Structures are given as structure tokens and as C-alpha cells.
Amino acid sequence: MSACSSQGVTQGEKQVNDTTVNEVPDTTLVNPTIDATDTLTDLRYEYHRVDGGRATEVLSISGGKTPEDAYIYSRVLGSIEGWSYTKVDARAALDTLAQVVLKHDLASHRYVALKNEDTTRSRWMVEAKYASGKVVSVVEYFEPNDAAEAALRTQVEGIFANLLHRLLSEPLNGDYSCSTYDANDRLTQRIDYLPDGTVRGGYDPDDPTSTF
């Protein structure tokens, strides 16, 4: 899938690398203790490299309140396109991602809300939400060839890739969308599709009245 016109939710994926001034981090917040009994409901992973060549990756998954609400968003590393799918069977992937959160002890990292990222530095970010209401939010800055960063990214990428492979090997159950970004990670267009590939709408931030 290399072009939006070929195939990929309209869940409002955030515009990464927003140029607005970041809020002052709340240093009173800490990540909660997470154990194997906590049920992961949502996870967002982001990777941004801004030195030695710019690259962005955003992977997001939600189990939803019902299977009808579940979705996955995938913008793989270096791509200008992000694909989002609705009505996804996300439970197995979320359970595996929960083990990744535990394995890498992400709850032990300093709490930083994703909106407080420093967009001028290379970084990886994770926000994990649980059925209990617990939220783990991490922003970590890294240097090139950081082994710990690479290990985490490889595992998360693999889980998303496996889910997408299974999802796209059968007819889709829900609508899907493709979002396109420019070199500064600004959303330039989103096209929305019905499960059979028929265009059902879209959004152009430069011309919100456009029809698709």
C-alpha cells in the first residue's frame, strides 16, 4: 500500500511535531505501578528522529468500549502515509503489548505527557492506558544507535505488523482511512473508505470544504 488511492479511521490522529509551544510538564505526576493483572486497553507509540535525517513513526491501537469501536493506526517509519482501520480484533495484540510494557519496565520511567514532548530532539514516546484507569506516559530522548530504544521499537513494530498482516489477509469489516503528511509531519490530506474500497469522504486542512 504505497498510495492513498489504493487502500489503508477517522479517529483524529494527532498532528505530530506540532509547532505550538509545549506546556510546562507537571512534575507532580508519576507513572503508576503496573503488573500482569492490569488489562491494557489502548497504546500509542511514537518515534521521531530529527538528526541525521528526519523520520517519524506512529503506531496506535485501541480496544474500544466494544469491538465495533476498536481501531488501529499505523504510520511506519519513514512513510508519509498513515493507515487507520476500524472494527479490528485488537485483544491479542493489546495483551502482547502489555507484556512489552512490563518487560521494558516503562512504568519506572519519569512521567511525561506526550503533549509536553520537545519536538527539536530525537525521541520515542509511549502512552499506555488500562481498564483500571491507570495511564503510563513516557517521553525519552535518545542518541543514534541506542540499543534499548531499538529493542523496544522492534518489538512494538512486530506486533503491529503481525496484526495488520492478519487484518489485510481477509475482507475488511470496517471503514478505513489514509492520512498523508508533508516533510514537517503536517497533515495534508485524509481520504476515508468503505470496507470495499469505495471513497466515502475525506478532509483537506487547506480547503475544509473540499469533497472527495
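Please refer to the structure placed before this passage.
Only a predicted model underlies this, so the values are computations on that prediction, with no experimental measurement involved. (Residues numbered from 1 in each chain as written. Predicted model: local features only at pLDDT ≥ 70, side-chain atom pairs only at ≥ 80, totals over all residues. Heavy atoms only, no water.)

Chemist: Help me understand the overall build of the chain, please; the structure alone is not making it clear to me.
Modeler: Secondary structure summary: the chain contains two helices and nine strands in total. Counting every position in the chain, which comprises 212 residues, the buried fraction comes to 42%. A total accessible area of about 10800 Å² is found for the chain, and carbon and sulfur atoms account for 50% of it. (Helix = DSSP H or I, 4+ residues; strand = E, 2+ residues; numbered from the N terminus. Buried < 20%, exposed > 50% of the residue type's maximum accessible area, 1.4 Å probe, protein only. Areas by Shrake-Rupley, 256 points an atom, 1.4 Å probe, with all protein chains shown as cover.)

Chemist: Please clarify how the pattern of salt bridges should be interpreted in this entry.
Modeler: In the structure shown here, the tally under the stated rule is 13 salt bridges. Aspartate 95 is the partner of arginine 91 in a salt bridge, and the nearest nitrogen-oxygen pair spans 3.0 Å. Within this pair, arginine 91 and its partner aspartate 95 are both found in helix α1 (residues 91-103), separated by four residues, close to a single helical turn. For arginine 91, a relative accessible area of 33% translates into the label partly exposed. On the basis of relative accessible area, aspartate 95 is assigned to the partly exposed category, the value being 39%. Across the salt bridge formed by glutamate 117 and arginine 123, the nearest N and O atoms sit 2.7 Å from each other. Three or more residues joined by partner-sharing salt bridges are found here, namely Glu149, Arg153 and Glu157. (Salt bridge = Lys/Arg side-chain N within 4 Å of Asp/Glu carboxyl O.)

Chemist: Sorry, what's going on with helix α2 (residues 147-168) here?
Modeler: One full turn of an α-helix is made of 3.6 residues, so residues set three or four places apart face in the same direction. Taking 1.5 Å per residue as the helical rise, α2 with its 22 residues ought to reach 32 Å, and the 31 Å between its terminal C-alpha atoms agrees with that figure. Of the positions making up α2, those classed as buried are Glu149, Leu152, Arg153, Val156, Ile159, Phe160, Leu163, Leu164 and Leu167. Along α2, the residues classed as buried sweep out an arc of 130° about the axis, all on the same side. Exposed positions of α2 whose direction lies more than 90 degrees from the buried face are Ala147, Thr154 and His165. Put simply, aspartate 146 is the residue that caps the front of α2, since its side-chain oxygen is 3.0 Å from the backbone nitrogen of alanine 148. (Expected span 1.5 Å × (residues − 1). Arc of directions from axis to C-beta. Polar contact = N/O pair within 3.5 Å; in protein donor to acceptor, adjacent residues only side chain to side chain.)

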